[in-house]
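Here is what each chain is made of, one letter per residue.
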Amino acid sequence: MKGYFGEFGGRYVPETLLPALQELEDEFSAAWEDRGFRDEFAGCLRDYVGRPSPLTHARRLSEHLGIEVWLKREDLNHTGSHKINNAIGQILLARRMGKERIIAETGAGQHGVATATACALFGLSCAVYMGARDIERQHMNVERMRLLGAEVVAVPTGTATLKDATSEAIRDWVTNVDTTYYLLGSAVGPHPYPTLVREFQRIIGEEARGQILEKTGTLPRAVIACVGGGSNAIGIFSGFMNDPVELIGVEAYGDANGRHGASIHFGSPGVLHGALSYLLQDRDGQVLDTHSVAAGLDYPGVGPEHSFLSATRRARYELVDDRHALDAFRLLNRLEGIAPALESAHAIGFLGQYAPDHEGATVLVNLSGRGDKDLHTVLQEGL
Amino acid sequence: MIAEAIRTSKKAVIPYVTAGLPDLDATGEIIRALGDAGAAAIEIGIPFSDPMADGPVLQKASHLALKAGFTLNGLLSRLGKWSSSVSAPLIVMSYINPLMRGGMRETLVRLRDTGIQGVIIPDLSCDASGIHEMCRDIGMDLIRLVAPTTTEERRREVVSQCSGFVYAVTIKGVTGARSSLPPEVRRQVQDIRSLADLPVCAGFGVSTAGQVEDMLSFADGVIVGSHLMARVMESPDPVAAAGETFRALLKKESSCIEA
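So, how was this worked out
Each chain has its residues counted from 1, running along the sequence as written. A letter from A marks each chain and a number from 1 marks each ligand, given out in the order of writing. Given that this is a predicted model, residues contribute local features only at a pLDDT of at least 70 and side-chain atom pairs are listed and counted only at 80 or more, while totals for whole chains, interfaces and linings are drawn from all residues. Just so you know, side-chain values use all the structure's heavy atoms and leave hydrogens and water out. Numbering goes from the N terminus for both helices and strands, where a helix is a DSSP run of H or I of at least four residues and a strand is a run of E of at least two. Following DSSP output, two strands are said to pair if at least two bridges run between them. Only the contacting stretch of a helix is used when fitting its axis, a line to C-alpha atoms as for every element, and angles between N-to-C directions run 0 to 180 degrees. Note on definitions: a residue-residue contact is assigned when non-hydrogen atoms from the two residues lie within 4.5 Å. Within this scheme, the nonpolar core is defined by two criteria: the residues are buried Ala, Val, Leu, Ile, Met, Phe, Trp, Tyr or Cys, and they are joined through side-chain atoms within 4.5 Å. Burial status follows relative accessibility: with a 1.4 Å probe on protein chains alone, a residue under 20% of its type maximum counts as buried, one over 50% as exposed, and anything between as partly exposed. pLDDT: the predictor's confidence for each residue, scored from 0 to 100.

Trainee: Whenever I open this one, unusual backbone geometry confuses me. Can you help?
Mentor: Glycine aside, the phi torsion of most residues is negative, and most peptide linkages are trans. All names here are of chain A. The amide bond that connects R51 to the next residue, P52, takes the cis arrangement and shows omega of 0°. Looking at the element boundaries, P52 is found in the loop between α2 (35-49) and β3 (55-57). Omega for the bond connecting H191 with P192 falls within 30 degrees of zero, at 15°, which places this linkage in the cis form. With respect to the helices and strands, P192 occurs in the loop between β8 (180-182) and α9 (193-216). With a phi close to 55°, A160 is a non-glycine residue in the positive phi region. Among the structural elements, A160 can be located in the loop between β7 (151-155) and α8 (162-175).

Trainee: What is the right way to read the sheet that holds strand β10 (residues 246-254) of chain A from this model?
Mentor: Where strands meet in a sheet, backbone hydrogen bonds hold them as pairs that are either parallel or antiparallel. Residue and element names in this part refer to chain A. If you trace the 6 strands from one edge of the open sheet to the other, you get β3-β4-β14-β9-β10-β13, paired in mixed fashion. The open sheet has two edge strands, β3 and β13 (315-321), and neither has a second partner. Each neighbouring strand pair of the sheet contributes to a mean axis angle of 25°, computed without reference to strand direction. In this structure, β3 lies alongside strand β4 (residues 68-73), joined through 3 bridges in antiparallel fashion. Along β4, the bridge assignment pairs T56 with L71. Helix-sheet contacts for α9 involve β3, β4 and β14 (362-367), and the interaxial angle to β4 is about 140°.

Trainee: Is there a simple way to explain the sheet that holds β7 of chain A in this structure?
Mentor: Residue and element names in this part refer to chain A. Taken in spatial order, the 4 strands of this open sheet run β7-β6-β5-β8, and their pairing is parallel. The sheet is open, and its two edges are formed by β7 and β8, each paired on a single side. Averaged over all adjacent pairs, the angle separating strand axes in this sheet is 25°, with direction ignored. Note: strand β6 (residues 125-131) against β7, 5 bridges, orientation parallel.

Trainee: Quick question: what am I supposed to make of the nonpolar core here?
Mentor: Note that soluble globular proteins tend to have their nonpolar side chains buried in a common cluster. Judged by nonpolar contacts, the single largest core of 93 residues is most densely connected at L34, L75, L108, L111, F165 and Y167 of chain B. Core analysis: the next-biggest nonpolar cluster, separate from the first, contains 90 residues, I88, L93, A165 and A233 of chain A among them.

Trainee: Mind showing me how you'd approach the confidence of the model for chain A here?
Mentor: A low pLDDT score tells you not to read the predicted coordinates there in detail. Overall, the predicted model of chain A reaches an average pLDDT of 96, with 100% of residues at or above 70. Looking at the elements of chain A, mean pLDDT is at its lowest for helix α15 (residues 375-381) of chain A, recorded as 88, and at its highest for strand β9 (residues 222-226) of chain A, recorded as 99.

Okay, structure coming up:
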């Protein structure tokens, strides 16, 4: 069925938003077929974002682990993460649709910064919804967004994290649907967002596939990425979907108290923010509180395509907890001179589980963002 | 019969009550008070952790009800008693996830067995034909919402898969009192009415007796939620507050001033 990945996905939203989602779907389809739009997008990614992002052989980490690790360096993009790919793509779409006001939600602040940046670039007004708790722990990104001219709106309700910021952005959109474009940052939400975000992030996988073939002459054994909503993972996976390559998503296993963000592992099908997907919920269907040291993985849902890839076993989803992510953060600093975002550090952290049984294997890891924003958190945990 | 109850009511005002606030026993008494005060039908809201179509008042109501320990089983164990205590038909309003959790059909059957006559789902899938048929089989009204942005084609589809009444959303936005309501509502209600032999009730934003009076000049009924729940939450006697607030909405000269 249209708008679904198997049983997952769909469009479960207030009636008021349906025409806007249909318009978005139609406009995206037309734009994606339009050579001019594709050229403009490619031009922005090349000349403004700095693509293609490099593929780095992590020599010392490879030696340390006994596998060959290649890093797709999305951390080197302008604004420091993969989020800018989607933000630029959707801004071009919003311009095409004649929208002048942009709203977005953000967890770690990376999508908020990317959106605020794209709005500054094109002179559009921008409001970013952010959980009050995330504002506290990602202060630097809040200041960056303000410098870029965006209004950062604190969301104190619920758990005051990404899920509540997303609900509040949807409420804004329902209210201002005529004038406003909702620039959703992950591969979640009602159709067409999961597809649209994947298409704008597909560049990660397409580049990485070409680069690793060129550098090693073969495809990697596995492609590994962290999964919160799952946009960086779906972006890199989509380059390898039809290859004999293991696709591994890494979910946040959280803290020692059993609080986590591992929707695919521990969730069950449910509807949150307009799509049916695996969801962390109690027996009454109330959405559960989540926790991860990485704000971008602190979300009780997951993109519907990941639920589909898990259900059909095309991809598998593994767990890395806060402690191992923090260890990976330190390790990558020491061995490679790279500070990964704590989100991406979950993907690095998984290598410790993977390496012992896969000696000599070549793996590709999506280093989705850089970790400057997380220094504060890491320092609190102790270097 | 929901449609009949609305049509035969002299002034069809439908109150919305979040279940479990301050607790489920109080909700039962509030429902009785609203029935006594002349409610045409009563909407019982199942609290949800992430109510994306609701404004601050109903978000807070949901949050407080969950914090106070609301459970679906607790509600189901009381609904039978409530529905036999009032003559007004009872309707459940819920986001889709709590209804789906224990199986959509199973949950709807359990609700029907307690005397619930209709269900409203603000985030129903855009393709709702399956649930429409399910409700028809079970013998329960599926009340659908039509928004100011709804296209004519979509309006036809929605109304053809709707029973009980059509819920005309008056504004672009979330639930919550508004000092003024857009004049297009009249036209919107007339457009809907031309499509089906169902009552059309207007809701979202209504908070004064004057607004109720205006709406009832062209709509078959009016739904009032946030205004009522705001009073219920701020009053030391929520049951009395619910009854008084509702009665005030029925009077033409009202002392209810929009805060």
